[in-house]
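Spelled out, the chains give:
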Amino acid sequence: MRLFGVGLLVGCCGLLFVHSLWSVLSLWVIAATFLFFLFGCFLSKHYRVLATLWLGICIGICWSQYRADVALSSRLPVVEEALLIRVEAKVCSLVKHYPKLSSFELCVIDWLSEPLPIKKLRVRWYHPDDELEVGETAEFLLKIKTPLGRMNPGATDEERWRLLAGLDAEGYVRDIKLRRPPVLSLLSVRAEWVSFIERLTIHSEFQGWHLALVVGERHGLKSAEKERLKHSGTAHLIAISGLHVGLIYGWSFLVFSTLWRLLPGRWLIWPAHSVAMCISLLLAGLYAWSAGLSLPTQRAMIALSLWVIVQMLGLQWSLSRLLAVTVSLLLLWEPMSVMSESFWLSLVAVSLIFLCLALFKLRGWRFWLLLQAVMSLVMSLFAALLFGELSINAFLSNIIAIPLVSMVLLPSEMITVLVACLQESWGMSLLVVNDVIIEGLNGYLRQMNQWIPAYSLSVAQSIGIGVVALLLLGWWTRKIPVAFALITSLVIGLGGWSWQQSQDKGFSLHVLDVGQGLAVVGISSELVFVYDTGDASAHWSAAQKYLLPFLRSRGVSHIDFLFISHRDRDHRGGLQVLLDSFSVGRIIEGEQSELLNAEPCEGELNGDNIQLSWRQMPAQSRNNASCLLKVSVAERQWLLTGDIERPAEKYFLHHFADWIRADVLLVPHHGSATSSMSAFIEAVAPEWAIVSSGYANRFKLPNKKVMERYRQNGVKTLNTWRNGMISIKIDEKGSILIGTHRTESQNFWNHSMVSSN
């Protein structure tokens with residue numbers, strides 16, 4: 001069984017390394033080779049061992065590829081513009097309310113227009129005139145498009161996340177009619193339960209914490225709270241997973257086994273531990289259901305159910321066998337789990353617990369302290385590999401936070417909710433105690449982050465962390481020869497160092513894929529500059545999602561120049577996020593703002609290998625006040641233009657015709673028809689023109705006539721929504737090198753795009 005589990009895991013992991021799914025013929029070849037090894041089982045025991053391993057690999061490959069193909073088959077293809085459709089659908093998720101909009105998922109029942117392959121989609125309803133209920137059915141008029149993700153190094157792969165979530169399209173509501181009330185279902189019951197918890201905690205300063213711990217809804221957490229938990233390595237405490245489900249099971253088992261023993265003797269014909277295990281499993285299942293039965297809670301329930309069955313049947317399984325069977329069941333349930341970071345975090349955590357149980361003879365508080373030290377160290381290293389941030393204070397934070405949440409706060413939350421079910425006012429009174437606990441924990445984590453801040457890692461540093469982890473594993477377990485671990489680590493480390501050296505050599509300009517907005521980063525050995533920071537709203541920030549992770553992945557800790565072209569939100573929205581996260585040298589703005597240390601857009605910098613100069617059209621506001629930045633490196637020039645329109649273009653044509661000449665041009669105003677005059681394009685005479693725009697955006701940018709104008713002038717064009725982040729470098733001969741992140745990071749779940757539009 002152990003070999004089968006290993007093979008199944010290896011086979012499913014093939015999804016992580018393929019650029020396109022295998023053909024049916026390839027899968028038949030795999031099956032045929034398995035039959036060959038199966039025949040060999042009758043000849044030799046060695047063949048039998050090999051056949052067991054190969055069986056797992058074959059099933060893993062075929063099953064995972066099949067599930068991935070089914071998931072992709074219902075995804076809406078890429079279309080140039082959003083589609084207008086009419087559909088009968090049911091609200092099949094909780095409705096999340098934000099200022100001026102509601103967000104929810106729809107499951108398709110019937111098509112009232114031309115049918116499409118999609119089954120589930122996420123939509124927004126702007127300025128809703130009524131509240132939708134979970135399970136409610138209606139006829140929807142929708143504008144939809146494929147769930148195309150924004151592609152940037154260091155940031156979450158949105159297309160992978162949406163595929164795992166089963167979202168086939170996204171869009172917004174134009175009209176709703178013929179609404180029918182929901183029928184009673186588990187989903188509607190859960191919605192009522194969540195509404196009850198929201199009412200109960202409405203006056204609490206920490207409502208987001210209560211919702212996260214009781215019903216697994218984290219949208220109520222404030223941005224500052226999320227960052228604090230992330231930097232202290234304690235974010236797992238408010239994400240309902242195996243830890244929380246296991247704690248509910250453990251506390252329930254302790255209570256019910258004790259109570260059962262207090263009953264009269266005639267009840268003891270059923271052993272206390274058996275009764276307690278069954279009741280506790282049921283309560284753990286109810287808790288997982290209240291948390292929305294997300295994939296992590298589903299995995300936790302499968303593992304917990306297997307554990308209870310093994311105990312009830314009295315099976316004498318070793319820890320390694322139990323782990324292998326658990327992993328096999330999880331992968332057979334959902335083979336695409338290997339594409340999720342949470343699966344690997346859970347697998348590593350459980351493996352560490354089993355390994356510590358096998359290696360250490362200590363028990364009680366000594367074992368808990370040792371386990372906590374090992375878990376904090378290894379999980380911090382593993383999280384650093386996955387997310388590019390090393391939480392150095394994780395051990396000190398978790399050693400207080402884990403027992404406080406698991407032994408005090410979580411039981412107290414459950415008791416509060418149970419009391420509130422009997423008398424809501426009593427529950428609100430008990431909630432004050434929980435708020436005091438959360439406030440104290442937040443204060444402790446805030447202090448830890450100030451004393452020992454988290455460290456952002458470049459890719460090379462993350463590889464170095466992996467090297468250290470491999471060496472430690474080889475030394476600790478003695479299962480991996482230390483010499484082999486050392487040689488492998490050196491090879492990986494040298495490869496990572498060489499890669500980082502090649503990335504840091506010379507100057508590179510990166511136009512990030514931030515949707516309908518703009519964010520550009522310039523990196524050289526002399527300086528780092530940022531030009532605009534992307535869009536933001538009350539509940540979302542392009543800087544938080546894309547710009548910060550990219551800067552951290554490149555090991556940036558200080559920004560020398562921050563240019564804000566003008567005051568439009570899609571250019572300036574992430575300014576405060578950036579200022580809160582990095583130290584910034586000089587700030588240059590195209591329009592005057594409340595920033596006291598901001599400089600006007602007129603100046604230059606002459607470095608050893610790079611020259612910057614910036615200016616703007618005087619006495620203007622909004623788009624035409626945009627601050628233009630010219631970058632010169634090795635006799636090559638880049639021109640960044642913000643949102644200038646024809647008046648500003650004419651001004652620069654008449655006064656700075658030589659200054660605006662450039663090899664690479666950032667297309668003004670996202671390719672709007674109000675910009676990019678033929679005379680301006682001819683004067684700049686670029687080899688490449690880069691457009692930063694959102695996929696199927698409501699402004700229909702870039703304008704087709706404008707892009708045709710560039711092509712007629714022999715200019716090659718690229719667009720961030722098609723190509724992901726676009727990087728421009730210069731080689732040793734002075735030639736311009738263009739790299740696109742969508743092409744460089746192509747996986748089977750990513751949309752394939754042509755290189756230009």
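Below is a summary of the structure that appears in this document.

Cut-off values and rules
Residues numbered from 1 in each chain as written. Predicted model: local features only at pLDDT ≥ 70, side-chain atom pairs only at ≥ 80, totals over all residues. Heavy atoms only, no water. Helix = DSSP H or I, 4+ residues; strand = E, 2+ residues; numbered from the N terminus. Buried < 20%, exposed > 50% of the residue type's maximum accessible area, 1.4 Å probe, protein only. Contact = heavy atoms within 4.5 Å. Areas by Shrake-Rupley, 256 points an atom, 1.4 Å probe, with all protein chains shown as cover. Expected span 1.5 Å × (residues − 1). Core = buried A, V, L, I, M, F, W, Y, C linked by side-chain atoms within 4.5 Å. Disulfide = S-S within 2.5 Å. Pairing = 2+ DSSP bridges. Axes fitted to C-alpha atoms, helices over the stretch in contact; angles between N-to-C directions. Patch = residues over 30% accessible without salt bridge, like charges linked within 9 Å, V, L, I, M, F, W, Y side chains within 5 Å. Salt bridge = Lys/Arg side-chain N within 4 Å of Asp/Glu carboxyl O. Phe/Tyr/Trp six-rings, centres within 6.5 Å; stacked < 30°, edge-to-face > 60°. Lys NZ or Arg CZ within 6 Å of the ring centre and 35° of its normal. Parallel < 35°, antiparallel > 145°, perpendicular 65-115°, else oblique. Nonpolar A, V, L, I, M, F, W, Y, C, P; charged D, E, K, R; others polar.

## Here we look at the overall build of the protein chain
For step 1, the next point in the chain: The helix and strand tally for the protein chain stands at 25 helices and 25 strands.
For step 2, the next point in the chain: Here the protein chain holds 757 residues, and the buried ones make up 50% of them.
For step 3, the next point in the chain: Partitioning the intrachain contacts of the protein chain with sequence separation of at least 6 by distance along the chain shows that 70% fall at a separation of at least 24.
For step 4, the next point in the chain: Surface summary for the protein chain: the accessible area is close to 35,900 Å², and the carbon and sulfur share equals 62%.

## Topic: helix α9 (residues 272-290)
For step 1, the next point in the chain: Look at α9: 27 Å from first C-alpha to last across 19 residues, which is about the 27 Å you get at 1.5 Å a residue.
For step 2, the next point in the chain: Listed in full, the buried residues belonging to α9 are A272, S274, V275, A276, M277, S280, A284, Y287, A288 and S290.
For step 3, the next point in the chain: In the core, the buried residues of α9 are packed alongside α5 (186-200), α6 (207-215), α8 (242-261), α10 (295-313) and α14 (394-422).
For step 4, the next point in the chain: Backbone geometry just after α9 places G292 at a positive phi near 90°.

## Focus: the nonpolar core
For step 1, the next point in the chain: Counting 30 residues, the largest nonpolar core has F529, L612, W614, L629, V631 and W638 as the members making the most contacts within it.
For step 2, the next point in the chain: Setting aside its immediate chain neighbours within four residues, V631 contacts F507, F529, I610, Q611, L612, R636, Q637 and W638.
For step 3, the next point in the chain: In terms of nonpolar packing, the next biggest core, distinct from the first, is built from 27 residues, V18, A71, V327 and M336 among them.

## A closer look at the state of the cysteines
Put plainly, a disulfide is one covalent bond tying together the sulfur atoms of two cysteines.
For step 1, the next point in the chain: Evaluated as defined, the whole model comprises two disulfides.
For step 2, the next point in the chain: Two residues, C92 and C107, share a disulfide whose sulfurs are 2.3 Å apart. Across the S-S bond linking C92 and C107, the dihedral sits near 90°, which makes this disulfide right-handed. In this pair, C92 is assigned in the loop between β1 (83-91) and β2 (96-98) and C107 in strand β3 (residues 101-111), connecting sequence segments 15 residues apart.
For step 3, the next point in the chain: Through a disulfide, C601 is tied to C627; the S-S separation comes to 2.0 Å. Sign of the S-S torsion, about 75° for the bond between C601 and C627, identifies this disulfide as right-handed. Of this pair, C601 sits in the loop between β16 (598-600) and β17 (603-606) while C627 sits in the loop between β18 (611-615) and β19 (628-633), placing them 26 residues apart in sequence.
For step 4, the next point in the chain: For C601, a relative accessible area of 2% corresponds to the buried category.

## Re the sheet that holds strand β23 (residues 716-719)
For step 1, the next point in the chain: An order of β17-β18-β19-β20-β21-β22-β23 is seen for the seven strands of this open sheet, with the pairing classed as mixed. Each having just a single partner strand, β17 and β23 make up the two edges of the open sheet. The sheet shows a mean angle of 15° between the axes of neighbouring strands, direction not considered.
For step 2, the next point in the chain: Bridge analysis of strand β22 (residues 688-691) against β23 gives four bridges, and the strand direction is parallel.

## Quick word on the sheet that holds strand β24 (residues 726-730)
For step 1, the next point in the chain: Pairing within the open sheet is mixed, and its eight strands lie in the order β16-β15-β14-β11-β10-β9-β24-β25. Only two strands of the sheet have a single neighbouring strand rather than two, namely β16 and β25 (736-740). The mean inter-strand angle of the sheet, taken between neighbouring strand axes irrespective of direction, is 20°.
For step 2, the next point in the chain: For strand β14 (residues 558-564) and strand β15 (residues 583-589), the ladder comprises six bridges, and the chain directions are parallel. What sits directly across from F561, in β15, is R586.

## Considering a nonpolar patch on the surface
For step 1, the next point in the chain: A cluster of nonpolar side chains, W251, L254, M407 and V408, forms an exposed patch at the surface whose accessible area comes to about 360 Å².
For step 2, the next point in the chain: Secondary structure elements with two or more residues in the nonpolar patch: α8 and α14.
For step 3, the next point in the chain: Of the residues examined, V408 reaches a relative accessible area of 38% and is grouped as partly exposed.

## Section: the packing of aromatic side chains
For step 1, the next point in the chain: The tally for this structure, following the rule as stated, stands at 20 aromatic pairs.
For step 2, the next point in the chain: Relative to F563, the ring of F561 lies with its centre 5.9 Å away and its plane at 10°, an arrangement referred to as stacked.
For step 3, the next point in the chain: Taking the relative accessible area as the measure of exposure, F561 reaches 6% and is therefore buried.
For step 4, the next point in the chain: Their ring planes at 65° and their centres at 6.4 Å tell us that F656 and W659 sit as a pair that is edge-to-face.
For step 5, the next point in the chain: Linked through ring pairs, F507, F529, Y531, F561, F563, W614 and W638 together constitute an aromatic cluster.
For step 6, the next point in the chain: The ring of W659 carries the charged tip of R615 above its face, separated from the ring centre by 4.7 Å.

## A closer look at the packing of α6 against α14
For step 1, the next point in the chain: Their axes nearest at 10 Å, the elements α6 and α14 cross at an angle of 90°. By the angle class used here, α6 and α14 are roughly perpendicular. Of the residues in α14, those touching α6 at W209, H210, L213 and V214 are V405, L409, L410, E413, M414 and V417.
For step 2, the next point in the chain: Within the contact of α6 with α14, the residues separate by chemical class into eight nonpolar, one polar and one charged.

Function-wise, these values are silent; they only describe arrangement.
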